Amino acid sequence: MKILPVPTRILAGALVVAMMTLTAPVAVAAPAAGPVVRIGSKPFTEGIVLGEVLAGVARQAGCAAEHRAALGGTQIVFAALERGEIDCYVEYSGTLEREILRGETLRDPEDVAAALARRGLCRSTPLGFDNTYALGMKETVAAGAGIEAISDLAGRDLAIAVSDEFVRRADGWPAIRDAYGLRQTPRVLDHALAYRGLESGHVAVTDLYATDPEVRAHELRILRDDRGVFREYKAFVLYRADLATRAPQFVTALVQLAGAIEPAVMREMNARVRLDGEPESAVAARFLRERFGWDVVAAEPAAAVRVARDVGRATLEHLALVAAALAAAIAVAVPLGIYAQRRPRLAGGILGAVGILQTIPSMAVLVFLVPLLGLGWKPAVVALFLYGLLPIVRGTFNGLAGIPPHLRESAEVLGLDGRARLLRVELPLASRSILAGIKTAAVIAVGTATIGGLIGAGGYGEAILAGIRRADAGLLMQGAVPAAVLALLIQAACDVLERFLVPAGLRAGG
Amino acid sequence: MPAMTTQPRSTRCIPDRAAAPSPADGPMIALDDVAKAYGGRWVLEPTTIAVFRGTTTVLIGPSGCGKSTLLRMIVGLVAPDRGTVTIAGRRLDAGSVSDLRRRIGYVIQDGGLFPHLTGRDNVGLLARHLGWEPPRITARITELADLTRLPAAALDRFPSQLSGGQRQRLGIMRALMLDPAALLLDEPMAALDPLVRYDLQEDLRRIFRATGKTVVMVTHDMGEAGFFGDEVLLLGAGRVVQRGTLDDLIHAPADEFVRRFVSAQRFPGLSGGEGRNAS
């Protein structure tokens with residue numbers, strides 16, 4: 001047999017995997033004629049429902065609509081809009097002015113319009129509802145305590161629990177606390193859990209959105225903001241200015257949405273999804289039918305086609321994350337393992353350091369990485385890369401350390417220089433252990449890559465998180481089952497790869 | 001002569017020049033006042049040895065006597081705490097070690113073959129690394145297989161699929177591949193059963209004579225020492241106790257240790273100096 005240096009072969013293997021990932025056919029079907037309108041949405045019920053409404057409007061206007069649902073948080077979706085990856089999405093005035101355009105001088109609506117125009121963007125007339133923050137209590141509790149307005153909370157011994165975003169945002173808890181002189185220290189709770197706390201009586205006051213359907217379902221009293229602290233969060237459509245030439249019929253049709261969605265209507269739509277478990281698209285279609293008499297349901301592909309398309313796209317994204325992270329981890333961890341084995345005094349430190357990386361929860365890693373790298377695929381790949389290091393470093397180190405001393409010496413005495421000893425003798429002898437490390441890293445990466453759903457990197461995590469958010473087991477499975485299958489497939493692929501990469505003499509069983 | 005007279009413990013084992021087979025251009029291997037200690041204990045006391053071209057020198061002694069340390073020093077696997085190693089007139093140091101190793105064949109117990117390579121690739125590994133043309137490699141391997149009487153089929157098997165004797169023949173082929181001037185063997189027969197060992201001993205001595213190599217061999221077997229050695233060095237507790245022919249050791253033991261070591265061996269001809277060592 002030919003002696004091909006093992007690192008070259010491992011690298012070649014990784015490249016093949018990467019190429020397969022990149023050249024696989026893109027599983028996105030584009031039906032219908034007419035200009036394409038690409039719609040984005042943020043990952044919460046209202047955003048997705050309104051994305052579906054926009055898709056319906058586009059189809060009614062004779063366009064093809066693509067809705068990239070739950071694309072990511074504000075920064076991701078807005079950046080996608082600026083780059084032209086999507087054409088429009090629904091945003092809120094407070095978020096636009098205080099978060100997206102933070103730092104710009106905005107004295108009046110003209111300033112806002114000008115700031116958007118500089119970015120090649122426009123905003124529509126408001127849709128008709130205001131999704132501002134509010135504080136709410138159970139109607140019965142509030143009545144019993146005689147609390148109607150936020151100012152009534154001052155000096156009262158009440159359990160307050162709010163979401164972590166509310167606690168941090170300058171226009172959230174800090175504003176309320178200062179304006180009303182509240183001394184209570186709020187507990188931080190997940191929004192959905194806070195409602196449960198209200199039900200059980202452990203929580204008396206919580207933050208909510210004005211359009212939360214739970215206001216009705218849990219019989220909550222929204223406390224009057226008597227000092228006018230909460231700002232306006234009027235919903236409108238943000239869209240690219242070039243849409244007026246690319247899909248003028250869509251921009252014209254948008255006008256009809258102006259003021260068409262009253263607060264009660266929006267709350268009702270949210271309730272249908274969150275409380276009754278209806279799909280966002282069905283809720284949006286019903287709204288368009290009842291409001292305008294449009295029937296746009298037919299344009300939506302059959303459920304099976306949609307699922308297949310979503311799974312296909314998620315598979316490509318997931319594989320891309322895994323392939324990129326794994327290739328980087330191999331490129332760093334194999335040399336690191338070699339170095340650790342050559343420097344016994346540093347080996348403990350190196351193995352310890354990559355071991356500690358492994359114990360950091362993925363959420364914590366993202367908390368460190370997102371401020372540095374922003375959102376999207378970059379922090380996901382870096383996190384997966386960090387998790388991939390330990391198994392590969394350890395596999396390389398153990399594989400080299402396990403070479404019998406007399407073989408190491410044989411190579412040395414033969415007169416091979418250090419590089420040739422490494423490439424022709426030591427790495428081939430360690431190849432089985434190195435590959436085992438890579439296999440472990442790959443399987444870990446497939447599982448961990450579901451964190452991509454948290455930060456707009458796509459992959460199976462999106463469906464899993466959406467499934468959790470909507471308590472939709474089917475959607476959750478749509479992410480979880482392919483992730484498990486992919487892990488098994490990668491394991492099998494590694495076994496096949498092993499047949500090519502591990503020298504036959506080491507497999508001959510002797 | 002090196003100025004070693006100030007070292008009372010130094011052992012001198014330079015053969016009489018007149019008795020050396022081909023002394024014309026100095027010793028092939030010269031260890032000058034080399035010593036090695038581990039943890040404050042001598043494993044090799046200051047020792048000076050010269051091995052001349054075309055001779056076979058056997059190092060013998062009980063376990064831990066320092067014979068393997070001495071051999072490993074010659075190929076730079078053990079760095080002496082003092083003294084120098086010179087191969088073919090060149091000082092062994094960090095700069096010369098790779099080059100000098102290619103001029104010395106080294107064979108260990110069971111061949112030390114790389115399990116991931118076939119017999120052929122084990123033998124040809126260094127030559128290929130040095131850029132030999134494939135036909136030249138093939139021709140040399142065929143030549144060496146004839147010399148060591150290795151069956152051609154064994155060349156394309158992996159070490160785990162071969163017998164102990166075949167592995168050792170491949171180990172010898174690998175050591176001879178670049179046609180080195182010297183051959184070092186560290187207990188090459190220790191892992192072989194008696195019949196295989198007997199055949200290989202015959203073949204090895206034939207090879208040594210046919211190729212005219214300078215040979216240094218380590219063994220713990222008196223009979224083997226006499227069979228191969230033009231000269232035998234008996235080591236004990238980190239120093240050379242006696243040097244000479246096997247007959248010298250048997251009939252004129254230098255001290256009680258030599259007498260006891262010799263009488264502890266069981267082999268035909270012990271009393272009369274006959275048998276295989278008589279050749």
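Only a predicted model underlies this, so the values are computations on that prediction, with no experimental measurement involved.

Let's talk about the overall build of chain A
Logical step 1: The helix and strand tally for chain A stands at 23 helices and 10 strands.
Logical step 2: Considering chain A as a whole, with its 510 residues, one finds that 48% of them fall into the buried category.
Logical step 3: For chain A, the share of sequence-separated contacts (at least 6 apart) that also reach a separation of at least 24 residues comes to 77%.
Logical step 4: For chain A, the accessible area works out to roughly 22,900 Å², and carbon and sulfur atoms hold 60% of it.

Observations concerning the overall build of chain B
Logical step 1: Across its full length, chain B carries nine helices and 11 strands.
Logical step 2: Sorting the 279 residues of chain B into buried and exposed places 54% on the buried side.
Logical step 3: Long-range contacts, defined here as pairs at least 24 residues apart, represent 68% of the contacts in chain B between residues at least 6 apart.
Logical step 4: On chain B, roughly 11,800 Å² of surface is accessible, and the fraction owed to carbon and sulfur atoms is 50%.

Some details on helix α1 (residues 67-74) of chain B
An α-helical turn contains 3.6 residues, so any two residues separated by three or four positions project in the same direction.
Residue and element names in this part refer to chain B.
Logical step 1: The element α1 is largely enclosed, with a buried count of six among its eight residues.
Logical step 2: Here α1 has its buried residues at Lys67, Thr69, Leu70, Leu71, Met73 and Ile74.
Logical step 3: Following α1 by one or two positions, glycine 76 adopts a phi angle in the positive range, close to 80 degrees.

Notes on the environment of phenylalanine 261 of chain B
Residue and element names in this part refer to chain B.
Logical step 1: You can see phenylalanine 261 is positioned in helix α9 (residues 256-263).
Logical step 2: In this structure the C-alpha to C-alpha distance between phenylalanine 261 and isoleucine 60, which are 201 residues apart in sequence, comes to 10.0 Å.
Logical step 3: Leave out the neighbours within four places in its chain, and phenylalanine 261 touches Ile60, Gly61, Pro62, His220, Met222 and Leu234.

Describing the pattern of salt bridges
Think of it this way: side chains of opposite charge can pair up when their charged atoms draw near.
Residues and elements named next belong to chain A.
Logical step 1: In the structure shown here, the tally under the stated rule is 43 salt bridges over all chains.
Logical step 2: Across the pair glutamate 278 and arginine 286 runs a salt bridge, and its minimum N-O distance is 3.5 Å.
Logical step 3: Judged by its relative accessible area of 25%, arginine 286 is partly exposed.
Logical step 4: Among the charged side chains, a network of salt bridges with common partners joins Arg38, Asp87, Arg240, Asp242 and Arg246.

Concerning the interface of chain B and chain A
Logical step 1: Contact residues are listed per partner, giving 23 residues for chain B and 24 residues for chain A.
Logical step 2: Summing the contributions of chain B and of chain A, the shared interface buries around 2,300 Å²; its carbon and sulfur component is 66%.
Logical step 3: At the surface where chain B touches chain A, the tally comes to two salt bridges.
Logical step 4: Among the ionic pairs, arginine 101 of chain B bridges to glutamate 412 of chain A, the shortest N-O distance being 3.3 Å.
Logical step 5: Put simply, chain B and chain A have six residue pairs in polar contact (both at pLDDT 80 or more) between them.
Logical step 6: Going through the elements one at a time, α2 (97-101), β7 (104-108) and α3 (119-129) of chain B are the ones with two or more residues in the side of chain B that touches chain A.
Logical step 7: If you tally residues by element for the side of chain B that touches chain A, the top one is α3 of chain B, at five residues.

Quick word on the sheet that holds strand β6 (residues 160-162) of chain A
Two orientations exist for strands paired in a sheet by backbone hydrogen bonds: parallel and antiparallel.
Residues and elements named next belong to chain A.
Logical step 1: Taken together, five strands build an open sheet; the order of strands is β7-β6-β8-β5-β9 and the sheet is mixed. One side of each edge strand has no neighbouring strand; the edge strands of this open sheet are β7 (187-188) and β9 (220-222).
Logical step 2: Two strands pair when backbone bridges link them, and strand β5 (residues 133-138) and strand β8 (residues 205-209) are joined in this way by five bridges, in the antiparallel orientation. Paired with alanine 134 across the two strands is leucine 208, which belongs to β8.

Brief notes about the environment of valine 215 of chain B
Residues and elements named next belong to chain B.
Logical step 1: Relative to the elements of secondary structure, valine 215 occurs in strand β9 (residues 214-219).
Logical step 2: Exposure remark for valine 215: the relative accessible area of 0% places this residue in the buried category.
Logical step 3: Valine 215 sits 186 residues away from isoleucine 29 along the chain, and the two C-alpha atoms are 9.9 Å apart.
Logical step 4: Apart from residues no more than four positions distant in its own chain, valine 215 is found in contact with Thr55, Thr56, Thr57, Leu183, Leu185 and Phe208.

Let's talk about the pairing of strand β5 (residues 82-87) of chain B
In the case of a regular strand, side chains alternate between the two sheet surfaces.
Residues and elements named next belong to chain B.
Logical step 1: Two strands pair when backbone bridges link them, and strand β2 (residues 29-38) and β5 are joined in this way by five bridges, in the antiparallel orientation. Residue pairing in the sheet places alanine 30 in a bridge with threonine 86 of β5.
Logical step 2: Looking at chain direction, β5 and strand β6 (residues 90-91) are connected through two bridges and run antiparallel. From the neighbouring strand, isoleucine 87 faces β6, where its bridge partner is arginine 90.
Logical step 3: Here β5 folds back onto β6 in antiparallel fashion, the turn holding two residues, of which alanine 88 has a positive phi close to 50 degrees.

What about the packing of helix α17 (residues 362-373) of chain A against helix α18 (residues 377-401) of chain A?
For any two helices packed against each other, one specifies the crossing angle of their axes together with the interaxial distance.
Residue and element names in this part refer to chain A.
Logical step 1: The contact between α17 and α18 brings their axes to 9 Å, and the two run at 135 degrees. Classified by the angle their axes make, α17 and α18 are oblique. Between α17 and α18 the crossing geometry is right-handed. Contact residues: α17 offers Ser362, Val365, Leu366, Leu369, Val370 and Leu373, while α18 offers Lys378, Pro379, Val382, Ala383, Leu386 and Tyr387.
Logical step 2: Its residues placed into classes, the contact of α17 with α18 shows 10 nonpolar, one polar and one charged.

Focus: the confidence of the model for chain A
Logical step 1: Summing up the model confidence of chain A, the mean pLDDT is 84 and the portion of residues at 70 or higher is 91%.
Logical step 2: Taken as a whole, residues 14-32 of chain A scores under 50 in pLDDT and shows 16 contacts with residues more than four places along the chain or in a different chain.

Quick notes on the side chain of asparagine 122 of chain B
Residues and elements named next belong to chain B.
Logical step 1: Assignment of secondary structure puts asparagine 122 in helix α3.
Logical step 2: Among the polar contacts listed, one links the side chain of asparagine 122 to the side chain of arginine 174, at a separation of 3.1 Å.
Logical step 3: The contact partners of asparagine 122, leaving out residues within four places of it in the chain, are Leu113, Phe114, Leu117, Pro159 and Arg174.

Here's the deal with a nonpolar patch on the surface
Residue and element names in this part refer to chain A.
Logical step 1: Nonpolar side chains collect at one region of the surface, where Met477, Val481, Val485 and Leu489 lie side by side and expose about 360 Å² of accessible area between them.
Logical step 2: The residue valine 481 is located in helix α22 (residues 473-501) in this model.
Logical step 3: Under the relative-accessibility criterion, valine 481 is labelled partly exposed at 42%.

So, the state of the cysteines
All names here are of chain A.
Logical step 1: Inspection of the entire model under this criterion finds zero disulfides over all chains.
Logical step 2: Of all cysteine sulfurs, the one in cysteine 63 lies closest to cysteine 88, which takes part in no disulfide; the gap is 10.0 Å.
Logical step 3: On the accessibility criterion, cysteine 88 (0% relative accessible area) is buried.

Cut-offs and rules
- Residues numbered from 1 in each chain as written.
- Chains lettered and ligands numbered in written order.
- Predicted model: local features only at pLDDT ≥ 70, side-chain atom pairs only at ≥ 80, totals over all residues.
- Heavy atoms only, no water.
- Helix = DSSP H or I, 4+ residues; strand = E, 2+ residues; numbered from the N terminus.
- Buried < 20%, exposed > 50% of the residue type's maximum accessible area, 1.4 Å probe, protein only.
- Contact = heavy atoms within 4.5 Å.
- Areas by Shrake-Rupley, 256 points an atom, 1.4 Å probe, with all protein chains shown as cover.
- Salt bridge = Lys/Arg side-chain N within 4 Å of Asp/Glu carboxyl O.
- Buried area = accessible area lost by both parts, 1.4 Å probe.
- Polar contact = N/O pair within 3.5 Å; in protein donor to acceptor, adjacent residues only side chain to side chain.
- Pairing = 2+ DSSP bridges.
- Axes fitted to C-alpha atoms, helices over the stretch in contact; angles between N-to-C directions.
- Parallel < 35°, antiparallel > 145°, perpendicular 65-115°, else oblique.
- Left-handed = near helix turned anticlockwise from the far one by under 90°.
- Nonpolar A, V, L, I, M, F, W, Y, C, P; charged D, E, K, R; others polar.
- pLDDT = per-residue confidence, 0-100.
- Patch = residues over 30% accessible without salt bridge, like charges linked within 9 Å, V, L, I, M, F, W, Y side chains within 5 Å.
- Disulfide = S-S within 2.5 Å.

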